[in-house]
Amino acid sequence: MVPGATQLARGESLLWLPPADQTGVINGFSIRAHDGLDTSATAVPAPIEVKDWGFPIVQNFNVAGLTSWVVTPSTGGPAVTANALQLTTTTANKTGSAIYNVAFPSIQSAPLEFGFDYFGPTTTGTEGLSFFLLDGSVTSPGAGGDGGALGYAYSAATNTIPGVTKAFMGVGFSRGGNFLNNASFHDGIANTNTPDQVALRGPATNSSSVKTSKEYDYVLNSAKAFTVAAAVATAPRKVKLTLTTEGKITLLANTGASGATAAIYDGFDFINSAAFAGYPVPPTFKFGFAATTGAASGQAHNIDNIVAGPPADLEVAFTAAPSGSPAPGSALSYEVTVTNNGPNG
């Protein structure tokens, strides 16, 4: 855009981004009218209120207490233990969830990135854990069901515990495999458990949806084989999920102590999936985690090092390059500058 020169024709639009680190009422730009012959004498300013949404959101659990979190169950449930958020203990058939009860702009405004570490579960009888997004307008969010629901969908066992309140998307790290069980839910990939899978389930419009509601649908083709277990805190699974404004998901997770990274999803189209059809993208999100231990006891489920916000803006530029015509086989030197424009945790 060239100030004083850029013109917009009928039907055209202009995307304006506020200056970095500025909040409050900002005079974003000024407008003059032009009919092809004459231009208005006075430019009309367009004041825009820019809100500080507190990005990046950083939670590393280095102090006791869970400020801004809603935990379920409220007594004996998730708590800060050994500088991590412990969702469940090692007891069998337990569910624990924690929802960060602070709204932030959804992908209507900008792409979002979520990073976190988890460790546990280890035994095959343990179900696993989930990361999820929900409508940010919900003031008292509730978690989902036990067992294969992974604290996101409705209770697969009893059909009496609803899923996450006004859920948008759930990512299940299913150690036991029942997150995808057709016998437990109205859809999935098989009529039995399929252990060690990562998969997506879709939204729900209600706060009390159950199996008969046909919500929290399995997202077709989202099931991917992945070794879910992360044995100890010194070797957690590091996870990074990016969600674009077009609703496409990239999910990276390391595969163990070696630090090797697997691309579970690379631009997976969530918004245009059948599971999402007919649902709106809310203006704001909240996020949460949940875990279920299943029939077997095992290691507790723990979350740590959460960072959420727009993806970091990494800029790469050549600042020096060889000139002239080098001889075949000669060494060439380049200088590359990488600038991290943030935001970062």
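About the criteria used
Residues numbered from 1 in each chain as written. Predicted model: local features only at pLDDT ≥ 70, side-chain atom pairs only at ≥ 80, totals over all residues. Heavy atoms only, no water. Helix = DSSP H or I, 4+ residues; strand = E, 2+ residues; numbered from the N terminus. Buried < 20%, exposed > 50% of the residue type's maximum accessible area, 1.4 Å probe, protein only. Contact = heavy atoms within 4.5 Å. Areas by Shrake-Rupley, 256 points an atom, 1.4 Å probe, with all protein chains shown as cover. Pairing = 2+ DSSP bridges. Core = buried A, V, L, I, M, F, W, Y, C linked by side-chain atoms within 4.5 Å.

Draft legend 1. Molecular detail of the overall build of the protein chain. A tally of regular secondary structure across the protein chain gives 0 helices and 19 strands. A burial count over the protein chain gives 42% of its 345 residues as buried. A sequence separation of at least 24 residues applies to 64% of the contacts in the protein chain between residues at least 6 apart. Counting only carbon and sulfur atoms, one obtains 52% of the accessible surface of the protein chain, whose full area is about 17000 Å².

Draft legend 2. Inspection of the environment of proline 282 at higher detail. The residue proline 282 is located in the loop between strand E15 (261–269) and strand E16 (284–292) in this model. For proline 282 and glutamine 108, which are 174 residues apart along the polypeptide, the C-alpha to C-alpha distance reads 7.7 Å. Among residues more than four places away in sequence, those in contact with proline 282 are Ser106, Gln108, Asp135 and Phe168.

Draft legend 3. Here's a closer look at the sheet that holds strand E9 (residues 128–135). A sheet is described by the order of its strands in space; here 7 strands give the open sequence E4-E7-E16-E9-E10-E11-E12, paired in antiparallel fashion. Taken across any chain shown, the strands that pair with only one partner, and hence form the sheet edges, are strand E4 (69–72) and strand E12 (224–225). Where E9 lies against E16, 8 bridges are found, and the strand directions are antiparallel. Counted as the bridge partner of serine 130 is alanine 290 from E16.

Draft legend 4. Geometry of the nonpolar core. One finds Trp69, Tyr118, Phe168 and Phe287 to be the most contacted residues of the largest nonpolar core, which totals 51 residues. Sorting elements by how many residues they give to this core places strand E8 (residues 112–119) first, with 5 residues. Contact partners of tyrosine 118, with chain neighbours within four places excluded, come to Leu129, Phe173, Phe226, Val228, Ala230, Pro236, Arg237, Val239, Asn302 and Ile303. Ala149, Val164, Ala204 and Tyr216 belong to the second-largest nonpolar core, a separate cluster that totals 14 residues.

Draft legend 5. View of unusual backbone geometry. Each neighbour pair has its own omega, and for threonine 72 with proline 73 the value is -5°, a cis peptide bond. Turning to its location among the elements, proline 73 is positioned in the loop between E4 and strand E5 (79–80). At asparagine 93, a position not held by glycine, the phi torsion is positive, near 55°. Considering the arrangement of structural elements, one finds asparagine 93 in the loop between strand E6 (85–88) and strand E7 (95–105).

In short, geometric facts, not functional conclusions.
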